[in-house]
Amino acid sequence: RAYDDRRYLERPATTASGERVRVMLNLADLGDVAAVAVRDCDGIGLVRTELMLRTLSDLADEERQFEHYRDIVAWAKGRPVTFRTLDAGGDKPIEGYTVAGESNPFLGMRGVRLSLLHPETLAVQLRALVRAASHGELRIMVPMVTQPAELDDVRALLDETVAQLRAAGTPCARPALGMMVEVPAAAIAIDTFDAEFFSIGSNDLIQYVCACSRESDRLAALQDPRQPAVLRLIRSVADHAARTGIELSLCGDMASEVRSIPALLEAGLRCFSVAPARLAAVKAAIA
């Protein structure tokens, strides 16, 4: 089966009816795509920056961040690259940055909530990203957004960062600013968010919709990504994106699961971001 799937790897992803679907990659660093030819994907739909920034010194090192981001943009050779701002917290603690001792960290200070608690750290990351954006099509995605004001606050800091760098004569570009749709409150009220693009984070969306930890093997049966409640939310977000012309992708594990591809296409998804090792299988499933 894997051998057969490779027939589709070098082709554009196209459904049996001839409709083009974009398939992008999830990664933490360039090592994740060492075995992938950039021509076989449509870009990078998710860079998990928290997996390359593991210490307080990493968070404060603008130059190191800039070099990492620039190198990933260069690898993409003009294809879009979406960097998620620091998604620390939950199961991804950073000593000295994340809040210790929370009784339920998955429902606590994580993602954008934590970034806005540390605006000086977010500013460093935004400076590095804005500088790297002068080297290719770079986009910024904000995780764990629950209310429009959170995205508005990040946008204000982004615009301030761009203005400062331009005033200093530093090469930079203003990236598109989008958001993860992984909190049910955001999915239900998606029309209230002023985002330039959306990306559905199915892992957390399923966890929160079903009120069961994705870490629990005993609750696996409750975490079926194809259950009606999850698919209805995904479809409602896709319908809004189609009506407004806002780009939408899905970057959670669901996009890499062949069994979920038909349901996602039926729900209106036409852009997936997948694990590099699943690229051929997903393209074959779409075909």
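## Looking at the packing of helix α5 (residues 119-132) against helix α6 (residues 148-167)
Geometry of a packed helix pair, given as the angle between the helix axes and the separation of the axes. One can describe the packing of α5 onto α6 by two numbers: an axis separation of 9 Å at closest approach and a directional angle of 55°. Classified by the interaxial angle, the pair formed by α5 and α6 is oblique. Considering only the axes of α5 and α6, their crossing is right-handed. From α5, P119, L122, A123, L126, R127, V130 and R131 reach across to α6, where they touch V154, L157, L158, T161, V162, Q164 and L165. Here the residues of the contact of α5 with α6 sort into 10 nonpolar, 2 polar and 2 charged.

## Comments concerning the packing of aromatic side chains
Under the counting rule described, the total for this entry stands at 1 aromatic pair. Its end group placed over the ring of Y8, R11 keeps NZ or CZ at 4.9 Å from the ring centre. Note that R139 overlies the ring of F197, its terminal NZ or CZ placed 4.2 Å from the centroid.

## Some details on the pattern of salt bridges
The final tally for this structure, using the stated rule, is 26 salt bridges. For R270, the salt bridge goes to E19, with nearest N and O atoms at 2.8 Å. On the criterion of sequence distance, the pair formed by R270 in the loop between α10 (261-267) and β8 (271-274) and E19 in the loop between α1 (2-5) and β1 (22-27) is long-range, its members being 251 residues apart. The shortest N-O distance in the salt bridge between R174 and E196 comes to 2.8 Å. With a gap of 22 residues between them, R174 in the loop between α6 and β5 (176-181) and E196 in the loop between α7 (184-188) and β6 (197-200) connect regions that are remote in the sequence. When its relative accessible area of 28% is taken as the criterion, R174 is described as partly exposed. Residues joined by salt bridges that share partners form a network here, namely D91, R110, D204, R214 and E215.

## Overview of the packing of helix α3 (residues 62-76) against α5
Running from amino to carboxyl end, α3 crosses α5 at an angle of 40°, the nearest separation of the two axes being 8 Å. When the interaxial angle is binned, α3 and α5 end up oblique. Here α3 and α5 pass one another in a crossing that is right-handed. Contact with α3, carried on its side by E62, E63, Q65, F66, Y69 and R70, involves V124, Q125, R127, A128, L129, R131 and A132 of α5 and no other residues of that element.

Parameters and conventions
- Residues numbered from 1 in each chain as written.
- Predicted model: local features only at pLDDT ≥ 70, side-chain atom pairs only at ≥ 80, totals over all residues.
- Heavy atoms only, no water.
- Axes fitted to C-alpha atoms, helices over the stretch in contact; angles between N-to-C directions.
- Helix = DSSP H or I, 4+ residues; strand = E, 2+ residues; numbered from the N terminus.
- Parallel < 35°, antiparallel > 145°, perpendicular 65-115°, else oblique.
- Left-handed = near helix turned anticlockwise from the far one by under 90°.
- Contact = heavy atoms within 4.5 Å.
- Nonpolar A, V, L, I, M, F, W, Y, C, P; charged D, E, K, R; others polar.
- Phe/Tyr/Trp six-rings, centres within 6.5 Å; stacked < 30°, edge-to-face > 60°.
- Lys NZ or Arg CZ within 6 Å of the ring centre and 35° of its normal.
- Salt bridge = Lys/Arg side-chain N within 4 Å of Asp/Glu carboxyl O.
- Buried < 20%, exposed > 50% of the residue type's maximum accessible area, 1.4 Å probe, protein only.

Taken by themselves, the reported measurements are silent on function.
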